[in-house]
Amino acid sequence: MNSSSEIRRIQTDMLIIGSGVAGMLAVVGAKRSGVTPMIATKGTFASGSSSMARGGHSLALAHSDPADNPELFFEDIQAGGEGLCNERLIDIVSTESIDRSAELDEWGLGLVKLPDGRYDQVPGGFPHRFKRMVHCDRLMGKPLMAALSKKTKSWGIEPTTHIMLIDLLKDGDTVVGAWGFLYREGIPVVVHAKSTVIATGGAPQLHALNDSPPVVTGDGYAMAYRAGAELIDMEFIDYQIVTAAPEKLAGYPPYSTGLLGAGGHLLNGRGERFMEKYNPENKEHASRAVINRCMAIECYEGRGTEGGNIHIDIRHVFDKVNEGPGKSIVGTMAKNGIDLRTDFLEVGSAPHTYLGGVRIDEWGRSTLDGLYAGGEAAGGIHGANRLGGLALIDSYVFGLCAGIAAALESKTREAPDPASGNWRDGIADLAERASRTGTGPSAEAWRREVQDLVVTSLDQVRSEETLTSGLTDLDRVGGEFDDVDNSGGTVRKRSESLRQTFETRNLIEVARMLGTAALMRRETRGGHFRIDYPERNDNNYLGNYVVWSDGGKCRAELRPVPGRDAVAPPPPGEHATSFNTLPQDEAAESAA
Ligand SMILES: Cc1cc2nc3c(=O)[nH]c(=O)nc-3n(C[C@H](O)[C@H](O)[C@H](O)COP(=O)(O)OP(=O)(O)OC[C@H]3O[C@@H](n4cnc5c(N)ncnc54)[C@H](O)[C@@H]3O)c2cc1C
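As the structure is a prediction and not an experimental result, all values here were calculated from the model. One numbering rule holds for all chains: residues counted from 1, following each sequence as written. Totals for whole chains, interfaces and linings use every residue, but because this is a predicted model, local features are given only for residues with pLDDT of at least 70 and side-chain atom pairs only at 80 or more, for both listing and counting.

A. Summary view of the overall build of the protein chain. Of regular secondary structure, the protein chain possesses 16 helices and 20 strands. As defined in this context, the radius of gyration uses C-alpha atoms, and a globule is described by 2.2 Å times the residue total to the power 0.38. Taken against the 2.2 N^0.38 rule, which gives 25 Å for 592 residues, the C-alpha radius of gyration of the protein chain at 23 Å falls within 12% of a compact globule. Dimensions of the protein chain, computed from the C-alpha atoms along their principal axes, are close to 65 × 65 × 50 Å. Exposure classification rests on a simple neighbour count of other C-beta atoms within 10 Å of a residue's own: a residue reaching 20 or more is buried, one at 12 or fewer is exposed, and one in between is partly exposed. C-beta atoms are placed from the backbone. Per-residue burial for the protein chain yields a buried fraction of 55% across its 592 residues. We call two residues in contact when the distance between their C-beta atoms, placed using the backbone, is within 7 Å. The long-range fraction of contacts in the protein chain, counting pairs at least 24 apart against all pairs at least 6 apart in sequence, stands at 75%. Only DSSP runs of H or I with at least four residues qualify as helices, and only runs of E with at least two residues qualify as strands; both kinds are numbered from the N terminus onward.

B. The sheet that holds strand E3 (residues 57-58), seen in detail. For two strands to be treated as a pair, DSSP must find at least two bridges joining them. Read from one edge of the open sheet, three strands run E3-E5-E4, paired in antiparallel fashion. Sheet topology places E3 and strand E4 (121-122) at the edges, where each strand pairs with a single neighbour. Sheet topology places E4 next to strand E5 (residues 133-134); two bridges connect them, and they run antiparallel. Each residue of the ladder has a partner; that of Gln121, found in E5, is Val134.

C. Structural context of unusual backbone geometry. The linkage connecting Phe126 with the following residue, Pro127, adopts the cis geometry, with an omega of 0°. The residue Pro127 is located in the loop between E4 and E5 in this model. Although it is not a glycine, Glu82 adopts a positive phi angle of roughly 55°. Along the chain, Glu82 falls in the loop between helix H2 (70-80) and helix H3 (87-106).

D. Region of the structure containing the site of the ligand. For each residue, a C-beta atom is positioned from the backbone; the residue is called near a molecule or strand if that atom sits within 6 Å of it. Taken together, 44 residues lie near the ligand, and Gly18, Gly20, Gly48, Gly201 and Gly375 sit nearest. For the shell around the ligand, the leading source of residues is helix H10 (residues 390-411), giving four residues. The residue inventory of the shell around the ligand, partitioned by class, reads 18 nonpolar, 21 polar and five charged. Amino acid classes used here: Ala, Val, Leu, Ile, Met, Phe, Trp, Tyr, Cys and Pro are nonpolar; Asp, Glu, Lys and Arg are charged; the rest, including Gly, are polar.

E. How the structure looks around the sheet that holds strand E14 (residues 357-359). Taken in spatial order, the five strands line up as E16-E14-E9-E19-E20 in an open sheet, and their pairing is mixed. Lying at the two open borders of the sheet, with one neighbouring strand each, are strand E16 (378-379) and strand E20 (553-560). For strand E9 (residues 231-232) and strand E19 (residues 543-550), the ladder comprises two bridges, and the chain directions are antiparallel. Residue pairing in the sheet places Leu231 in a bridge with Val547 of E19. Whenever a helix is involved, its axis is fitted only over the stretch in contact; in every case the axis is a line through C-alpha atoms, and angles between N-to-C directions fall within 0 to 180 degrees. In this fold helix H5 (residues 219-227) packs onto E9, E14 and E19, with an angle of close to 40° to the strand it touches most, E14.

F. Spotlight on the domain arrangement of the protein chain. Note that domain bounds follow an automatic or database assignment of domains. Under the domain assignment used here, the protein chain contains domain 1 (1-62 + 69-110 + 139-236 + 355-438 + 539-592), domain 2 (244-351) and domain 3 (439-538). Placing the centre of domain 1 and that of domain 2 at their C-alpha centroids yields a distance of 34 Å. Listed by partner, the interface residues are seven residues for domain 1 and eight residues for domain 2. Broken down by class, the residue content of the side of domain 1 that touches domain 2 amounts to two nonpolar, three polar and two charged.

G. How the structure looks around the packing of H2 against H3. Interhelical geometry of H2 versus H3 gives an angle of 130° and a closest axis separation of 9 Å. Of the possible angle classes, the one that applies to H2 and H3 is oblique. Crossing angle aside, the handedness with which H2 passes H3 is right-handed. Facing Pro70, Phe73, Phe74, Ile77 and Gln78 of H2, the residues of H3 in contact are Ile90, Asp91, Ser94 and Thr95. Of the residues belonging to the contact of H2 with H3, the class tally is five nonpolar, three polar and one charged. Between 65 and 115 degrees an angle is taken as roughly perpendicular, under 35 as roughly parallel, over 145 as roughly antiparallel, and anywhere else as oblique. The hand of a helix crossing depends on one turn: near helix anticlockwise from the far one by less than a right angle means left-handed, and clockwise means right-handed.

H. Fine view of the pairing of strand E7 (residues 174-182). Within E7, seven of the nine residues are buried, leaving the element largely enclosed by the surrounding structure. Pairing of strand E6 (residues 163-171) with E7 involves seven bridges; the strand directions are antiparallel. By the bridge assignment for E7, Leu168 is matched with Ala178. The turn linking E6 back onto E7 is made up of two residues, and Gly172 within it adopts a positive phi angle of 65°. Alignment of E7 against strand E8 (residues 187-198), held across six bridges, turns out to be antiparallel. Along E8, the bridge assignment pairs Phe181 with Pro188. Hairpin connection of E7 to E8: four residues between the antiparallel strands, including Gly186 at a positive phi of 70°.

I. Representation of the environment of Val567 within the structure. Of note, Val567 is situated in the loop between E20 and helix H16 (584-591). Owing to 12 C-beta atoms within 10 Å, Val567 belongs among the exposed residues under this scheme. Residues Val567 and Leu400, spaced 167 residues apart in sequence, show a C-alpha to C-alpha distance of 18 Å.

J. Broad picture of helix H7 (residues 288-300). Expected span of a helix, by definition, is 1.5 Å for each gap between consecutive residues, and there is one gap fewer than residues. With 13 residues, H7 should reach 18 Å at 1.5 Å per residue; the first-to-last C-alpha distance of 18 Å fits that figure. Looking only at H7, the buried set comprises Arg288, Ala289, Ile291, Asn292, Arg293, Cys294, Met295, Ala296, Glu298 and Cys299. Of the residues one or two after H7, Gly302 is the one with positive phi, at around 85°.

K. Seen up close, the pairing of E19. Alignment of E19 against E20, held across eight bridges, turns out to be antiparallel. Bridge pairing in E20 links Ser549 to Cys554.

L. Structural context of the packing of H5 against helix H14 (residues 491-520). Interhelical geometry of H5 versus H14 gives an angle of 75° and a closest axis separation of 8 Å. Comparing the axis directions of H5 and H14 gives the class roughly perpendicular. Along the contact surface, H5 presents Asp219, Tyr221, Ala222 and Tyr225, while H14 presents Glu503, Asn506, Glu509, Val510 and Met513. When grouped by side-chain class, the residues that make up the contact of H5 with H14 number five nonpolar, one polar and three charged.

This is the structure in structure tokens:
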């Protein structure tokens, strides 16, 4: 780590942490409100889950069926969320998503249209009652991020890359920016901002097997938690089927549409087609949540493969898979020596989307002054489970809302005092760790220890016993933070090791929130399965667990689900009632 004289100091009106779709839409919201923000990202640009988005996003456009409308979409979202979705938030998502999608397409997304000009809408999975997913006829992530990048570059705004923000700065109860470091060069950074938006995505790296990019490590959840914000629904995770072996393909998405949709079978390690037992009616066509849960139960009860996984058998439908949406999977496996005409595919159940996050209102406002959140970092939209194609529209809509409101708030605030926030101690600690020879595990080994603990105790199959022991073990493993060895190698290697150490500390905080809420929720609902309480229990648990840090101790409380009448006050200053107001420069361009 470079000496403290090299600290990079920045003052900005508004800081956006994360440059996935939510962060980029927050830029749009800021520009629309007349503020030029700083946007910072840990990876290169387009490195979050957004850049990997595959199928598309879902909308009540009614192009596939005139009977569809936002009200029915609202009902389906709430049914999917098993009654726990904040109704104000899904009211906004089910309507505003239409304009957001049209605008992104105008900016170059390239959604597929039918010859008559309507958008092509394909099925988004259970419990969508209509075909709602619009798509690009190829993976959506790249064109999506390219369109957003082109737009924000036209305003002269580009993300600052390879910067890991570690903690929020607070002046009294107000968030006034964040500090962290440019981890490639080992340069500490302090950003004072009049308002801050967290758009750091989920926490898939809590599991060794996952389908998401390595930079998404729950940093925003942990930062907000340590700063005293409330988080909601942290016990709910949306799982997905991914390749488990060979190791170099681990996490590669075979998903279910291509293989199971065409008639493939799921087999346990004994060769039994286990879905017949759990769901004789739908078998491998049951909902994604049900299939993933059944896979997890088979493994938990010792009926997995030798590697602790599940097999997919498509031998009997090989031609059908190979002619349909599974063709690319067949090709990828063949290149890696797995011939799906004769071989099984070894798969596991891995986290795909974190459903909870920072508790926000309809303006993306957190429970702390000056702090906003959007996208996967925010919670309250999906409740216990999410519908296909909903993660993206949630990120578009609440990324934008957070950007608008944070910008308006920043206009009402004085620039923060550059001495405010506890950054000096944080940076001194960072620098000291960088030069310390730890007596404990390497950063990589510590990460694996945490991931193993999560798989053993805090994964899909939960019980009083596993959760209680998991939470105790988390305290022990968390205590190793001070011993992690970041010494050795070049400045860059040491800095990256330090980055991984701070990320793992964040993952431990996320696991603590998850475990605490999961222990209290003595029922099964959506992405939360208690083997000791296998039924849904509306009498006692039709509410959201909200968690927060009380002097470092994780507290949780069950709160009523916000209804449609629970309207939040507008942000300060002047605001447009429509989210579509053009930024001044664009308005001028349009008029010309
Ligand atoms: C393989 C895959 C396919 C998917 N397909 C679909 C789909 O078809 N449809 C759908 O609706 N959803 C899909 N999803 C989910 C959806 O893509 C995500 O939920 C959504 O893109 C999240 O966007 P986001 O902006 O909130 O976060 P992300 O896109 O994950 O971005 C997070 C950003 O935060 C930055 N960051 C993180 N920590 C820090 C830090 N400490 N300091 C600075 N920056 C930080 C990262 O670098 C990154 O820029 C998919 C997810 C995956 C993994």
